[in-house]
Amino acid sequence: MTSSVDGDPVPPTTYDHGGGVRSLRVPIPDNPLGHTLVYVVDTDRGPVLVDTGWDDPASWDALTAGLTACGTSVTELYGVVVTHHHPDHHGLSGAVREASGAWIAMHAADGAIVRRTRATRPARWYAYMTDKLVAAGAPEEHVAPLRTARRRAFPGLSPALPDREIEPGELLDLPGRRLRAIWTPGHTPGHVCLHLEEDHPDRLPGHGRLFSGDHLLPGITPHIGLYEDPDDATVTDPLGDYLASLERVGRLSAAEILPAHQYAFTDAPSRVRELLAHHEDRLAGLRELLAEPLTPWQLAERMEWNRPWEQIPYGSRNIAVSEAEAHLRRLVKLGHAEAVTGSEPVTYVAV
């Protein structure tokens, strides 16, 4: 998930982007982002959704009402293409399939997370989060609520299993349309963008349109943290994945970007350059902070966020620490930082 930016243009509840593509605003309860933009793509076999929104009654009502406003209904849907497994994108996929018989497509890496998530008890998630925060150097007063919390289910712990696997580079099963999958790991290991390889309806210069999910957003830097999965110990480099994926998307030179949050925009190469420069500056700033040994928690406390650390809510601090860890892992891989031998919890220092 991502964080919101004040002052964004507010689109209507439904919007016709032309060329048989419309968007619906599906609310995310109790989240500053406000809503997910779910796209409806007309095909010769019926409408296909790009993402579905959060699993919540109000979100379901907004989705079904939006489809009605578009002149269709949930029962007429042919398929669902999921950009990534997060609950504000994949949450309603199961309900859509149940109502319509539509297939659900997802990249294999995120599909594997869905399968493991469904098999993992909530208590396992609490223990995993507790152990991770302790290892990151979180103070006991932050960890304590996890030790005593009721073992309730988290949102997204029973996501729908996909029916189809998205292969990078393939044209998806949208009869009458050319929608190509572009694998863009970083925000999640199986995130995909979807390149609509058709002339822009307004003849804007460039190459088609890109459904960018959370990968490329006009005014938000997507969260890039460690891939959180209690049953997968693979050592990954999410920030490295993201930066490489950004460069691939920039080379597409899409005429217009249709993101999952905020609003549609043009000049993707310029936005890609901004994000690459942002992360380059951020990594340089973290190397300066690591002039002294710091735990991931201490580094997160000192990093620049959209508000002072003291004002960051509990759950958002966990996300911030994960982001600090992803940046640390990138610095270590580049040979710009290293773990201090024998430190407990582990501290890192610039080299």
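Note that the structure is a prediction, hence the values are computed from the model and not measured.

About the criteria used
Residues numbered from 1 in each chain as written. Predicted model: local features only at pLDDT ≥ 70, side-chain atom pairs only at ≥ 80, totals over all residues. Heavy atoms only, no water. Helix = DSSP H or I, 4+ residues; strand = E, 2+ residues; numbered from the N terminus. Rg over C-alpha atoms; globule rule 2.2 N^0.38 Å. Buried < 20%, exposed > 50% of the residue type's maximum accessible area, 1.4 Å probe, protein only. Contact = heavy atoms within 4.5 Å. Areas by Shrake-Rupley, 256 points an atom, 1.4 Å probe, with all protein chains shown as cover. Lys, Arg positive; Asp, Glu negative; His and termini not counted. Charge placed at Lys NZ, Arg CZ, Asp CG, Glu CD. Pairing = 2+ DSSP bridges. Axes fitted to C-alpha atoms, helices over the stretch in contact; angles between N-to-C directions. Phe/Tyr/Trp six-rings, centres within 6.5 Å; stacked < 30°, edge-to-face > 60°. Lys NZ or Arg CZ within 6 Å of the ring centre and 35° of its normal. Salt bridge = Lys/Arg side-chain N within 4 Å of Asp/Glu carboxyl O. Core = buried A, V, L, I, M, F, W, Y, C linked by side-chain atoms within 4.5 Å. Parallel < 35°, antiparallel > 145°, perpendicular 65-115°, else oblique. Left-handed = near helix turned anticlockwise from the far one by under 90°. Nonpolar A, V, L, I, M, F, W, Y, C, P; charged D, E, K, R; others polar.

Colleague: Mind showing me how you'd approach the overall build of the chain here?
Modeller: Counting secondary structure elements, the chain contains ten helices and 13 strands. The C-alpha atoms of the chain give a radius of gyration of 20 Å, which matches the 20 Å a tight globule of 351 residues would have. With the C-alpha coordinates of the chain rotated into their principal frame, the extents come out at 60 × 45 × 35 Å. Taking all 351 residues of the chain together, the buried fraction comes to 51%. Within the chain, contacts between residues at least 6 apart in sequence are counted, and of these 67% link residues at least 24 apart. Element-wise, carbon and sulfur atoms account for 50% of the exposed surface of the chain, whose accessible area totals about 15,400 Å². Charge-centre separation for the chain: the mean point of 32 positive side chains lies 3 Å from the mean point of 48 negative side chains.

Colleague: Just checking my understanding: could you explain the sheet that holds strand β11 (residues 256-259) for this structure?
Modeller: Remark on secondary structure: sheet strands pair via backbone hydrogen bonds, oriented parallel or antiparallel. Ordered by their spatial adjacency, four strands build an open sheet running β8-β9-β10-β11, and the pairing between neighbours is mixed. Pairing within the sheet leaves two strands with one partner each, and these edge strands are β8 (179-183) and β11. In this sheet, adjacent strand axes meet at a mean angle of 25 degrees when their direction is disregarded. Bridging between strand β10 (residues 209-213) and β11 involves four bridges; their strand directions are parallel. The residue of β11 that forms the bridge with Leu210 is Ile257. Sitting on the sheet, helix α7 (residues 238-252) touches β8, β9 (192-196) and β10, and the angle it makes with β8 is about 150 degrees.

Colleague: Hey, could you run me through the packing of aromatic side chains in this one?
Modeller: Two aromatic rings, taken as a pair, are described by how far apart their centres are and by the angle between their planes. In this structure the tally under the stated criterion is four aromatic pairs. Ring centres of Trp125 and Tyr128 lie 6.1 Å apart, and the angle between their planes is 85 degrees; this geometry places the pair in the edge-to-face category. Taken together, the positions of Trp125 and Tyr128, both in helix α5 (residues 122-135) and three residues apart, correspond to about one turn of that helix. We classify Trp125 as buried; its relative accessible area is 12%. Of note, Arg282 hangs over the ring of Trp305, and the distance from its end group to the ring centre comes to 4.8 Å.

Colleague: Sorry, what's going on with the pattern of salt bridges here?
Modeller: For side chains of opposite charge, pairing can occur when their charged atoms come near one another. With the rule as written, the count across this model stands at 13 salt bridges. Residue Asp199 is joined to Arg203 by a salt bridge in which the shortest nitrogen-to-oxygen separation is 3.0 Å. This pair shows no difference in class: Asp199 is exposed, exactly as Arg203 is. Here the salt bridges do not stand alone but share partners, grouping Arg178, Arg180 and Glu197 into one network.

Colleague: Even after reading the chapter, I still don't get the environment of Asp229, so can you show me in this structure?
Modeller: Along the chain, Asp229 turns up in the loop between β10 and α7. Separated by 100 residues in the primary sequence, Asp229 and Met129 place their C-alpha atoms 9.7 Å from one another. When sequence neighbours within four positions are dropped, the list of residues in contact with Asp229 reads Ile113, Arg116, Trp125 and Tyr128.

Colleague: Mind showing me how you'd approach the nonpolar core here?
Modeller: Nonpolar side chains tend toward joint burial in soluble globular proteins. Leu210, Leu216, Ile257, Leu290, Leu299 and Trp309 are the most contacted members of the largest nonpolar core, which totals 39 residues. When residues of this core are traced back to their parent elements, those giving at least two are α5, α6 (140-148), α7, α8 (268-289), α9 (296-302) and α10 (314-333). Looking at which element gives the most residues to this core, the answer is α7, with six residues. When near neighbours in sequence (up to four residues on either side) are disregarded, Trp309 contacts Trp297, Ala300, Glu301, Arg317, Ala320 and Val321. The next biggest cluster of nonpolar side chains, apart from the first, holds 20 residues, and it includes Val21, Ala105, Val192 and Leu196.

Colleague: Sorry, what's going on with the packing of α6 against α10 here?
Modeller: A pair of packed helices is captured by two measures, namely the crossing angle of their axes and the spacing between those axes. Contact geometry of α6 with α10 gives a least axis separation of 12 Å together with a crossing angle of 110 degrees. With respect to α10, the element α6 is oriented roughly perpendicular. Here α6 runs over α10; the crossing is left-handed. Counting all contacts with α6, which are made through His142, Pro145 and Leu146, the residues of α10 involved are Tyr314, Arg317 and Asn318. Here the residues of the contact of α6 with α10 sort into three nonpolar, two polar and one charged.

Colleague: I'm lost on unusual backbone geometry in this one. Help?
Modeller: In terms of backbone geometry, most residues other than glycine have negative phi values and most peptide bonds are trans. Of the consecutive residues Glu344 and Pro345, the connecting peptide bond is found in the cis state with omega at -5 degrees. With respect to the secondary-structure elements, Pro345 resides in the loop between β12 (337-339) and β13 (348-350). At Asp30, a residue that is not glycine, the phi angle is positive and equals roughly 55 degrees. Topologically, Asp30 is positioned in the loop between β2 (21-27) and β3 (35-41). A relative accessible area of 84% means that Asp30 is categorised as exposed. A positive phi angle, near 60 degrees, is found at Asp267, a position not held by glycine. As for its placement among the helices and strands, Asp267 is situated in the loop between β11 and α8. Asp267 gets classed as partly exposed once you look at its relative accessible area, which sits at 44%.

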